[in-house]
Amino acid sequence: MSHNLRINQRTTENHSVEEYKKRGMENILRSSFALYPGNTKDRVIKMMKSMFLLLIFLGVVTGRRTQLLKGLPAKSTVEENAAAGVSVYTFNVTVSPMSSEGVAILPTIVNSNPLTEAFGIERKGDLEFSVVTTGNPVLDYETMPKSFDLQIFVEDTMGRTDLNVLTVQITDKNEHPVFRGNMAIQTVTIYVLEGTRMERIYQVDAADPENAELKYTLLPESVPFLVLESGAIFSTKVFDYEKDPHCYFLNITVTDPDGLNSTKTVNINIININDEKPYFTTQQRIYRIPEEQSPGTVVANITARDPDDEDSPSRLFYSIQSSERYFSINPSTGVLQVTGRIDRDAQPLQLHPNISVILQVEDWGGHASKMEITIIIEDINDNPPECNPSTFRKEANENMTAGTFLLDLRNYCKDIDVDPSNNQFSFTGLSGFGSNNFALESTVSGRLVMTESIDLENPANLGVGVYSLTVRVQDTACPNYTNIIYIYIRIKPVNEFFPVFSDLSYEFNVPEITKVGSSIGRVNARDKDWPPSVITYSIVAGGGTRDYTNVFWISPTKGDVKILARLDYETTQKHILTVQASDQEKTATASVTVNVLEVNDEEPVCSPNFYSFQIPVSLAVGTNINGFRIECQDRDSDPRSFRYFINEGNVNNHFIFSPSAGSNTSRLILASRFDYESGLDTNWIYRLRVYITDDNLLSARDKTTHLINTGTVTLSIRVIPNPTTVIATTPGFTVVTKRENLYSESAWYVPFVITLGSLLLLGLLGYLGFLLATWVRTCCPPAGKAVGTPLINAPEKKKPKKDVVVTMTKLNTVFDGEARDPVTGKMYEFNTRSGARRWKKNDEPLQPVPAMWVTSSATGDSGQGSDRAEAPSKKEPSEKKKEPTAETKPGAKPLAGQSEAPGQDGLRLQKQKEEHEDRGLSSPAPQSRY
């Protein structure tokens, strides 16, 4: 702490109160910022503590100062490393006799120089207190300040305060030496290789808190180690792992001049190294074995030892150094074994039966030793009887009779020994699973026969397809060598049983709306033959309809029956199938009945489904409109289940059906009169969409769960106004007939084919027109063009005179009648012959019918006759343009362009024109336009 606040009695006497307050505040603030480094939060907390001390200080300075701390100021001492709670100094607090309650603020250390929390104040009595150590931190003479000034503050209940200083001196105390480094925290283990020369193996690091000279000692003294004054540990001999101890424990003690000491243990381990040669411990050098020992036969167990591995298993490597094909040695265990065939009767053992083997043992460091042994091969009867082949496979049918001959073994076996006493053998030991079904006729013949018939379906034989037998062929001479003959007899199963269905007949109930491809049931058949035969299923009869050959399909392996086409209860209520189960040889059949359950999947069909009619506007309410009625049918619903309602187009509810439900026929009734005059009704054409449902007999709850179908009828009703009816809103209307082609969604190809055909037809017509135009242009060149120009001017030939007959017909539209329009009430004029009409002008009288005149003439040199019409005057076209005719009226469109039509044949043209006028100029009745 660089700055401290020291307040004592002398300071109070030598300075005025104002100077004391000022200097005290400056010291506390400076010490707070200087002594509390770190982050902002820690500094703020510590500054708040300093401010608290400042407030106490200000209270002391500005309050009433009285001598309350008895025995202070004072000095005291305490030893370093003192434990918590050690009393440093004891003092008393004196209070005024006027203070009945004693001390308001107990004596408190408000500041220290240097700052520390190593001291505190404990209460000993009512007014007796003691300054004690807290143990946090522990006082250390070598690392901490040697003196602390503790400022103690107290206040009684009268408001009087006192502040005095206790100076605590830290006294030095001799402490134990301490080890440093690894020895301070753990036991040090040192590893020394055997054969290492004498040298320093470790340096002990210790120190004395008082920096005194230390003395090192080592126990026990008998160990081959010493420690120097510097703390260095030296070895005093060269260690041999095979002779000396493998581990040493040294107690190192360090002592200061006053006799205080500390002790630590050092563990020294001697590490073994490979420095010795291994040696064989097996004493035997000659071994005898008979010939024809099987590979792996142990000849000898060779052992050796390595002096370097006395306390643990030796890690040695054994090998054969000589060229040897008969024996091998395990490199790890030293077991000598036979690896090749040893035949005493063959060369070279026939002349030299003794085999010399040189063995070597080597440790992991390369140190090796060798030893030679001799193995003598002894002659024996070493040729057992042999069979070629040694494995036989035969087949026998199931249920074959007892005594049937299967195999003669003697034809396949022989003994190659030359001595007759050693080449005799016999067949014994017939064994194996199912061997009770077979037998050998005699031990000499070796004929294998069946003892009883084998039935694979017998529970005792289930799962048995092949019998594995063994026969021992044995040499009669010692040591009775034997060989094993393996015989596998496969029993061929015979198909004895027919497949049997689990039920003689099956019955499945299937709703008619079941999706195509759904499984509706399963049939199952079994075959008692063993092993179980693979059964396949098929439908051999039934399951077809008029539209579909196969309505059902069965899984060949599982027997699941599925539907391939939509079922229809109204067409077929029951399907009877014949299902066959086959095991490839035998078959069985079962009957499957599929009951089609009725489901309401048909919609009502009504006749007519479209109707158009007209009714007068004054039709009475309750009238059956035009006597119209619809009649409906439903293939899967009762006639009483129909319900009729108009879903669209019934504006102002003028129309109803009676009855509305419970019958398959219903009539169209006018429910309310039309009111066009008040503007309530504005539609003159009603297009009604009538829905017919088959849910009339269902309750409200059943309607939410049952399937309901709806039929549709479209009606077009046109209201005809009365002749005297005046409609102010619309002077006329146009009847537009709309036709709809309704077709099924499945007939998508119809419009495509029609469109494609139309395009092809148009293309063909265009091509034909092009060919026709080409032909006309080729055959008929344009008139007026000379075909060719003659080279010589020929005399003109006199052309025959031709008379041209022209017939002119003048048609003037004459309006010779008049009538009143029933809608508007206006007068109009009309032509009684052509039907042309126009509105009548008030001051224009009716026109008379003009006469037509035709002039005909017939002249010609050849006697041909013709009629000629006189040409009209030039004024007639202009007058005709001014005359209002039907050509200028919209209703006279059929007369357009027919006022004048010159022709080549006058009489014929006139007659055709008269017929055309009688047929084409006729128009509908005047009241058809409104």
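Residues numbered from 1 in each chain as written. Predicted model: local features only at pLDDT ≥ 70, side-chain atom pairs only at ≥ 80, totals over all residues. Heavy atoms only, no water.

Visitor: What is the right way to look at the overall build of the protein in this model?
Guide: Helix and strand content of the protein: seven helices and 56 strands. Across the 930 residues that make up the protein, the buried fraction comes to 35%. Across the protein, every contact between residues at least 6 apart in sequence was considered, and the portion connecting residues at least 24 apart equals 65%. Only carbon and sulfur atoms are counted for the fraction: they give 53% of the accessible area of the protein, which is about 55,800 Å². (Helix = DSSP H or I, 4+ residues; strand = E, 2+ residues; numbered from the N terminus. Buried < 20%, exposed > 50% of the residue type's maximum accessible area, 1.4 Å probe, protein only. Contact = heavy atoms within 4.5 Å. Areas by Shrake-Rupley, 256 points an atom, 1.4 Å probe, with all protein chains shown as cover.)

Visitor: How should I be thinking about the nonpolar core in this particular structure?
Guide: Grouped burial of nonpolar side chains is what soluble globular proteins tend to show. Core analysis: the biggest nonpolar cluster contains 27 residues, and Ile615, Phe655, Phe657, Leu668, Phe674 and Ile692 have the highest contact counts within it. Where this core is concerned, the elements lending two or more residues are β47 (610-616), β48 (624-633), β49 (643-648), β50 (655-658), β51 (665-670), β52 (685-693) and β53 (710-720). Dropping the residues within four chain positions of it, Phe674 is found in contact with Ile615, Val617, His654, Phe655, Asp681, Tyr686 and Val719. (Core = buried A, V, L, I, M, F, W, Y, C linked by side-chain atoms within 4.5 Å.)

Visitor: Explanation requested: the pattern of salt bridges in the structure shown.
Guide: Pairing between side chains of opposite charge can happen when their charged atoms approach one another. Applying the stated rule across the entire model yields 12 salt bridges. The salt bridge involving Arg341 is made with Glu292; its shortest N-O contact spans 2.9 Å. Here Arg341 is found in the loop between β25 (335-338) and β26 (354-363), whereas its partner Glu292 is found in the loop between β20 (286-290) and β21 (298-301), with 49 residues between them in sequence. Accessibility expressed as a relative area gives 54% for Arg341, which makes it exposed. Close ionic contact of Lys840 with Glu818 constitutes a salt bridge, the shortest N to O distance being 2.7 Å. Highlighted residues: Lys840 in the loop between β56 (837-839) and α6 (875-882) and Glu818 in strand β54 (residues 817-820), separated in sequence by 22 residues. (Salt bridge = Lys/Arg side-chain N within 4 Å of Asp/Glu carboxyl O.)

Visitor: Help me out: how do you make sense of unusual backbone geometry in this one?
Guide: Phi is mostly negative for residues that are not glycine, and the peptide bonds are mostly trans. Cis rather than trans, the peptide bond between Asn388 and Pro389 has omega equal to 0°. When you line up the elements, Pro389 lands in the loop between β28 (386-387) and β29 (391-397). Cis geometry marks the peptide bond from Ser607 to Pro608, where omega comes out at -5°. Positionally, Pro608 belongs in the loop between β46 (605-607) and β47. Look at Glu292: it is not a glycine, yet its phi comes out positive at around 60°. Its identity is not glycine, yet Asn652 carries a phi of approximately 60°, on the positive side. Asn652 sits in the partly exposed class, given a relative accessible area of 35%.

Visitor: Looking at this model, I keep getting lost on the packing of aromatic side chains. Mind explaining?
Guide: For any pair of aromatic rings, the description rests on two quantities: the centre-to-centre distance and the angle between the ring planes. On inspection of all chains with the given rule, the structure shows 23 aromatic pairs. Consider the rings of Phe433 and Tyr467, whose centres lie 6.3 Å apart with planes at 15°: the pair is stacked. A residue pair is termed long-range when its members are at least 10 positions apart, and Phe433 in the loop between β32 (425-432) and β33 (438-440) and Tyr467 in strand β35 (residues 466-475) qualify at 34 residues. The exposed category is assigned to Phe433, whose relative accessible area is 57%. One aromatic cluster is present, built from ring pairs that chain together Phe655, Phe674, Tyr676, Trp684 and Tyr686. Above the ring of Phe498, the side-chain terminus of Lys586 is found at 5.5 Å from the ring centroid. (Phe/Tyr/Trp six-rings, centres within 6.5 Å; stacked < 30°, edge-to-face > 60°. Lys NZ or Arg CZ within 6 Å of the ring centre and 35° of its normal.)

Visitor: Got a minute to help me understand the environment of Asp417 in this structure?
Guide: Note on placement: Asp417 falls in the loop between β31 (413-414) and β32. Using a relative accessible area of 9% as the deciding quantity, one classes Asp417 as buried. Asp417 sits 35 residues away from Asp382 along the chain, and the two C-alpha atoms are 8.1 Å apart.

Visitor: Mind showing me how you'd approach the state of the cysteines here?
Guide: A covalent bond between the sulfur atoms of two cysteines is what we call a disulfide. Under the criterion given, the structure shown has two disulfides. The disulfide that involves Cys606 links it to Cys632, with 2.0 Å between the sulfurs. The S-S bond linking Cys606 to Cys632 shows a torsion near 105°; that makes this disulfide right-handed. In this pair, Cys606 is assigned in strand β46 and Cys632 in strand β48, connecting sequence segments 26 residues apart. When the bonded cysteines of the protein are counted from the start of the sequence, the pairing works out to 1-2, 3-4. (Disulfide = S-S within 2.5 Å.)

Visitor: It is not clear to me how a nonpolar patch on the surface should be interpreted in this structure. Could you clarify?
Guide: Residues Leu759, Leu761, Leu762, Leu764, Leu765, Tyr767, Leu768, Phe770 and Leu771 make up a contiguous nonpolar surface patch of roughly 930 Å² in combined accessible area. Mapped onto the elements of the fold, Leu765 is located in helix α5 (residues 749-779). The exposure class of Leu765 is partly exposed, given its relative accessible area of 49%. (Patch = residues over 30% accessible without salt bridge, like charges linked within 9 Å, V, L, I, M, F, W, Y side chains within 5 Å.)

Visitor: Could you clarify how one ought to interpret the sheet that holds strand β16 (residues 232-235) in this entry?
Guide: Pairing between the strands of a sheet is mediated by backbone hydrogen bonds and can be parallel or antiparallel. Sheet architecture is open: three strands sit in the order β12-β16-β15, paired in antiparallel fashion. Across the chains shown, the open sheet's two edge strands, defined by having one partner strand only, are β12 (200-203) and β15 (225-227). Taken over all neighbouring pairs, the strand axes of this sheet differ in orientation by 20° on average, direction set aside. Bridge count for β12 against β16 is three bridges, and the pairing is antiparallel. Each residue of the ladder has a partner; that of Arg200, found in β16, is Phe234. (Pairing = 2+ DSSP bridges. Axes fitted to C-alpha atoms, helices over the stretch in contact; angles between N-to-C directions.)

Visitor: What exactly am I supposed to notice about the environment of Asn111 here?
Guide: Along the chain, Asn111 falls in strand β5 (residues 103-113). Here Asn111 falls in the buried class, since its relative accessible area comes to 11%. Between the C-alpha atoms of Asn111 and Leu150, which are 39 residues apart in sequence, the distance is 6.1 Å.

Visitor: Help me understand the side chain of Thr593, please; the structure alone is not making it clear to me.
Guide: Among the structural elements, Thr593 can be located in strand β45 (residues 587-597). Excluding residues that lie within four positions of it along the chain, Thr593 makes contacts with Tyr506, Glu507, Phe508, Lys574, His575 and Ile576.

Visitor: What should I look at first to understand the sheet that holds strand β24 (residues 327-329) in this one?
Guide: Judged by pairing direction, the sheet is antiparallel, and its three strands sit side by side in the order β21-β25-β24 without closing on themselves. Looking at which strands have only one partner, the edges of the open sheet turn out to be β21 and β24. Ignoring strand direction, the axes of neighbouring strands in this sheet form an average angle of 20°.

Visitor: Explain the confidence of the model for the protein here, please?
Guide: Regions with low pLDDT carry predicted coordinates that are not meant to be interpreted in detail. Looking at the protein as a whole, the pLDDT averages 75, with 74% of positions reaching at least 70. The low-confidence segment residues 57-63, where pLDDT is below 50, has 17 contacts with residues more than four positions distant or belonging to other chains. Within the model, the stretch residues 848-930 combines pLDDT values under 50 with 113 contacts to residues more than four positions away or in other chains. (pLDDT = per-residue confidence, 0-100.)

Visitor: What exactly am I supposed to notice about the side chain of Asp149 here?
Guide: Within the secondary structure layout, Asp149 lies in strand β8 (residues 147-156). By relative accessible area, which is 14% here, Asp149 ends up buried. Looking at Asp149, its side chain comes within polar contact range of the side chain of Thr167, at 2.9 Å. (Polar contact = N/O pair within 3.5 Å; in protein donor to acceptor, adjacent residues only side chain to side chain.)

Visitor: It is not clear to me how the environment of Pro278 should be interpreted in this structure. Could you clarify?
Guide: Note that Pro278 resides in the loop between β18 (261-271) and β19 (279-280). Remark: the alpha-carbon pair of Pro278 and Ala304, spanning 26 residues in sequence, is separated by 6.7 Å. Those residues in contact with Pro278, other than ones at most four positions away along the chain, are Arg305, Asp306, Pro307, Leu316, Val361, Glu362, Asp363, His367, Ala368 and Ser369.

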